Amino acid sequence: MPQPQTSERHWSHSVRAQNFLVILTWADEGEVLDELPTVDEFALLVLDGTVADISHDSGQEGQAVGPALVIAPAGETTIRIRRAGFIVRVISARNDVVMTAVNAETYATADPAIAPIPSAPYFVGPETLRFISVEHVPEIAGRLGRIYQTDSLMINWFAPQDGPRNTDELSPHHHDDFEQVSLTLGGDFIHHIRVPWTKRLRDWRPDEHIQVASPSVTVIPPRNIHTTRAVGSGSHLLVDVFAPPRTDFLSKGWVLNQADYRSTAR
């Protein structure tokens, strides 16, 4: 991932989807990040090269050496940066901090096409601070990426890819009732997005082919056909985020920490 210049340090950028907030931060060594108490679990992505000490108001603590995923239980979590770098926090819309997003006004009225997040999580976790290294997670044929859940969120942290994606092996698809947030965290990408045609010509939209550098945050609405491809040389890193946890991934047994949770849904 490109490193910020000195003038760009200490920055943070918040973007929301309807059901969750993504906070992308460059933090300097010694910095302590303010963390509002959360009413449910949140996910912290500590990227390669970054080191952070994480402590929770329950007394639990530990160190995350990137690339690592930290799942913090409800309550107050403190993040102390030991080695400067990028971190990403993903917080459900049950928490008022979602209103700090730069695009908060977009969701002043809820989109009825998006299934709402339940008023309380329907997954129950171990209520502990968990540290998961993603550096050496093997890729398995037939499994899509490296997928983890919290009680309210789902993170697909793809393995780094060297060079461009094969344009004969793209994966255009859509989601009927949920948004996808795609974080590009290393390299350059193109998001290809198509709005399906309806019987009304006025609803038709031209296809979009949006090229982004890293880091970037892209919110893809439901029903839009989309696929993303890495372009150019070098290493590329992509992370997709969803809420609530996707039942299709769970039913296939693709979620690597699925055994930590029990469902309360009937």
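Residues numbered from 1 in each chain as written. Predicted model: local features only at pLDDT ≥ 70, side-chain atom pairs only at ≥ 80, totals over all residues. Heavy atoms only, no water.

Undergrad: Honestly, the environment of Asp207 in this entry has me stumped. Any pointers?
TA: Its location among the elements puts Asp207 in the loop between strand E16 (188-194) and strand E17 (208-212). A relative accessible area of 32% means that Asp207 is categorised as partly exposed. Excluding anything up to four places from it in sequence, Asp207 contacts Ile193 and Arg194. One polar contact links Asp207 to Arg194, side chain to side chain, over a distance of 2.6 Å. (Helix = DSSP H or I, 4+ residues; strand = E, 2+ residues; numbered from the N terminus. Buried < 20%, exposed > 50% of the residue type's maximum accessible area, 1.4 Å probe, protein only. Contact = heavy atoms within 4.5 Å. Polar contact = N/O pair within 3.5 Å; in protein donor to acceptor, adjacent residues only side chain to side chain.)

Undergrad: Just checking my understanding: could you explain the side chain of Thr50 for this structure?
TA: Along the chain, Thr50 falls in the loop between strand E4 (42-46) and strand E5 (51-56). Apart from the residues within four sequence positions on either side, Thr50 is in contact with Ala64, Val65, Gly66, Arg83, Ala84, Gly85, Phe86 and Ile87.

Undergrad: Explain the pairing of strand E9 (residues 85-92) here, please?
TA: Every other side chain in a regular strand lies on the same face of the sheet, so the side chains alternate between the two faces. With respect to burial, E9 is a largely interior element, 8 of its 8 residues being buried. Across 8 bridges, the pairing between strand E2 (residues 20-27) and E9 is antiparallel. If you follow Thr25 over to E9, its bridge partner there is Ile87. (Pairing = 2+ DSSP bridges.)

Undergrad: Which parts of the structure should I look at to understand the layout of surface pockets?
TA: Over the atoms rolls a probe the size of a water molecule, and its path tells where empty space is left. Estimated volume of the largest pocket: approximately 790 Å³. Leu144, Gly145, Phe158, Arg165 and Leu238 are, among the 34 residues lining the largest pocket, the residues nearest its centre. Those elements that provide at least two residues to the lining of the largest pocket are strand E15 (180-186), strand E19 (225-231), strand E20 (235-242) and helix H1 (247-251). (1 Å grid on protein atoms, 1.4 Å probe; cavity = no way out; pocket = protein on both sides within 12 Å on 5 of 7 lines; lining within 4 Å. Points joined across faces, edges and corners; volume = space filled by probe spheres on them.)

Undergrad: I keep staring at the sheet that holds E19 and nothing clicks. Help me out?
TA: Remark on secondary structure: sheet strands pair via backbone hydrogen bonds, oriented parallel or antiparallel. Taken in spatial order, the 3 strands make up an open sheet running E17-E16-E19, and their pairing is antiparallel. The two strands at the open ends of the sheet, each matched to only one other strand, are E17 and E19. Strand after strand, the sheet turns through a mean of 20° between neighbouring axes, direction not considered. Relative to E19, E16 is paired through 7 bridges, and the arrangement is antiparallel. The residue bridging Ile190 from the neighbouring strand is Arg229, located in E19. (Axes fitted to C-alpha atoms, helices over the stretch in contact; angles between N-to-C directions.)

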